[in-house]
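Topology and contacts: notes
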Amino acid sequence: MTDTQKPVKDMTTDYDIFDPEFVKNPYSGYTEIRESQCPIAHTERYEGSWLPTRYEDVVAIAQEFETFTSRQILVMPPVEGRSEGAYAGVAAPPITSDPPDHHWHRRLILPVFSPQSVAKYEQGTRDLCNALIDEFIDKGTADAAADYAQHIPVRVIATMLGVPLEMEPEFTEWVRGVLENMTDKEARIKAFMNIVQFFMGQIEDRKKNPRENDLITELMNAEVEGKKVPIEYVLGVCQLMLVAGIDTTWSAIGSCMWHMAQHPEHRKQLRENPDLWPTAIEELLRVYAPVTMARIVDHDIEFQGCPMKAGDRVLMAFPAANRDPRQFENPDEVILDRENNRHVAFGSGIHRCAGSNLARLEVRVALQTWLDRIPEFELVDQSTVTWVGGQVHGPRKCMVKF
Amino acid sequence: MCAIAAPEVFGSDEIGNAKVLITGEIPAALHAKVRRAESNCPERAITIIE
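Residues numbered from 1 in each chain as written. Chains lettered and ligands numbered in written order. Predicted model: local features only at pLDDT ≥ 70, side-chain atom pairs only at ≥ 80, totals over all residues. Heavy atoms only, no water.

Quick notes on the overall build of chain A
The condition that has to hold: The helix and strand labels rest on DSSP assignments: H or I over at least four residues marks a helix, E over at least two residues marks a strand, and numbering proceeds from the N terminus. We compute the radius of gyration from the C-alpha atoms alone; for a globule the expected value is 2.2 Å times N to the 0.38, where N is the number of residues. Burial status follows relative accessibility: with a 1.4 Å probe on protein chains alone, a residue under 20% of its type maximum counts as buried, one over 50% as exposed, and anything between as partly exposed. Contacts: residue pairs with any heavy atoms within 4.5 Å of one another. The Shrake-Rupley method, run with a 1.4 Å probe, gives the accessible areas here. Residue values count only the displayed protein chains as cover.
Each helix and strand counted, chain A has 17 helices and 14 strands in total. At 21 Å, chain A has a C-alpha radius of gyration in line with the 21 Å of a compact globule built from 402 residues. Here the C-alpha coordinates of chain A stretch approximately 60 × 55 × 40 Å along the principal axes. Scored against the burial criterion, the 402 residues of chain A give a buried share of 58%. A sequence separation of at least 24 residues applies to 71% of the contacts in chain A between residues at least 6 apart. In the form shown here, chain A has an accessible surface area of approximately 16,900 Å², with 50% of it arising from carbon and sulfur atoms.

A word on the interface of chain B and chain A
Convention followed: Once two parts are joined, some of their accessible surface, as seen by a 1.4 Å probe, is lost; buried area is that loss totalled over both. Any carboxyl oxygen of Asp or Glu that lies within 4 Å of a side-chain nitrogen of Lys or Arg is treated as forming a salt bridge with it. What qualifies as a polar contact is a pair of N or O atoms within 3.5 Å, subject to a donor-acceptor requirement within protein and to the restriction that residues adjacent in sequence count only when both atoms come from side chains. Under this grouping Gly is polar, as are all residues other than the nonpolar Ala, Val, Leu, Ile, Met, Phe, Trp, Tyr, Cys and Pro and the charged Asp, Glu, Lys and Arg.
Contact with chain B, which involves 16 residues of that partner, is made by 24 residues of chain A. Taken together, both faces of the contact between chain B and chain A bury some 1,600 Å²; the carbon and sulfur share is 42%. For the interface between chain B and chain A, the tally reads two salt bridges. Across the salt bridge formed by Glu38 of chain B and Arg342 of chain A, the nearest N and O atoms sit 3.8 Å from each other. Put simply, chain B and chain A have eleven residue pairs in polar contact (both at pLDDT 80 or more) between them. The leading source of residues in the side of chain B that touches chain A is helix α2 (residues 31-40) of chain B, at four residues. Looking at side-chain class alone, the side of chain B that touches chain A contains five nonpolar, five polar and six charged residues.

Structural notes on the packing of aromatic side chains
Residue and element names in this part refer to chain A. Spelled out, the test is: Each Phe, Tyr or Trp ring (for Trp, its six-membered ring) is paired with any other whose centre lies within 6.5 Å, and the angle between the two planes then decides the class: stacked below 30 degrees, edge-to-face above 60, tilted in between. Two conditions define a charge located above a ring, namely a distance within 6 Å from the ring centre to NZ of Lys or CZ of Arg, and an angle within 35 degrees of the ring normal.
Overall, the coordinates contain 18 aromatic pairs over all chains when judged by the stated rule. Note on Phe171 and Trp174: the rings are 5.8 Å apart at their centroids and 70 degrees apart in plane angle, and the pair reads as edge-to-face. Residue Phe171 and its partner Trp174 are both found in helix α10 (residues 168-179); the two are separated by three residues, about one turn of the helix. For Trp174, a relative accessible area of 9% puts it in the buried group. Ring centres 6.1 Å apart and planes at 85 degrees place the aromatic pair Trp258 and Tyr288 in the edge-to-face group. Placement of Trp258 in helix α13 (residues 231-262) and of Tyr288 in the loop between α15 (277-287) and β7 (293-297) is noted, with a sequence separation of 30 residues between them. Of the two residues, Trp258 and Tyr288, both sit in the buried class. Residue placement shows Arg267 over the ring face of Phe377; its charged tip is 5.0 Å from the ring centre. Just above the ring of Tyr27 sits the side chain of Arg323; from NZ or CZ to the centre is 3.5 Å.

Considerations on the pairing of strand β10 (residues 313-316) of chain A
Residues and elements named next belong to chain A. Rules: DSSP bridges decide pairing: two strands pair if at least two such bridges lie between them.
Residues of β10 alternate between two faces, with Arg313 and Leu315 on one and Val314 and Met316 on the opposite face, all of them buried. As judged from the four bridges shared by β7 and β10, these two strands associate in the antiparallel manner. Within β10, the position partnered with Arg295 by the bridge is Val314.

Next up, the structure:
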């Protein structure tokens, strides 16, 4: 039997992040681990990993980048024979970078994602959301995940990168290949190679025909200490933006839609008090944090009593940390005007999500536009909602009626 | 986060890093907002000196 088929004996010693029940609802499993004698669980599945579930531990691991390195950041080990860095030698700077290179790797892309820079995508995102709603508003029913959420971040990122919007289905398929169905190693490699080859083509094209106001051209021309950045860096940033910018935000939007479909009181609260939007978005991001990232232990260390060995994988379960009652009162409850909310949906420390301002904008605009046009809606049938989990958690089918 | 909670006091520089926009004492009218920024900063980067 493969790792995914064996029943889980004990969450603290044998958790399975791809167990179908856990994928659907990971929160009760996280709570079971968090409140046990072993709040940092361990499993032998998928070549082994540690799973810290308390806020304090997750944040400490995120902060201690020298002990918990970013050599690998996916929750699954790489495919054999490609053990160092990301696949095929193509890294994903800055997320797979450690200091000292991490500093310039990150600094070069931060301006692209500053609040001022991402604000220029707001109107385009709103137009896109309206166009998607136009497609189904007369039908009285829609898949809030597949007909709506899924299409928003991919088009925003493709616009930012200056790559063909009509390739949306391919981009979506490739990103799902890398981040979903992670147990299918061959599919992961194939999807990843498709992304790398696509961007190599885009870079080659720009070598011959540089473009104006084009992010990829600008990255290719960027200089650090008087020298042009290596082309591998440009390739890495492009593939990271595609992989990290699509599935994650789409999952967050999908989870928010799933929530709003079941909570008319929250729709009403936002309608009556639009000033609540910024804190409401943070609260939804806390409760439905989509992403779990991994770290590789640099050297043997005892962390909170756990004997971690060099090379061990540690899963930073941000969704678990965000529901730790030691940090958040009534953690499973959505309180749209929550006063204290130091959530870690975007991680913490030097690898804190570079695209968080864009993600916030997309989630807010997606929800606002939907609630403006379709103020009242509900789930068709909870039992038909499907989820993905592991690296990214969110709904993939979520039929609603209105 | 701080720029969301207290935009009068916190903004961002050209690369998107947070920065304080005003110098000296925080006006009393903004105290509540600044406290909220402090208690919501995921990096615990804000210290209020009273």
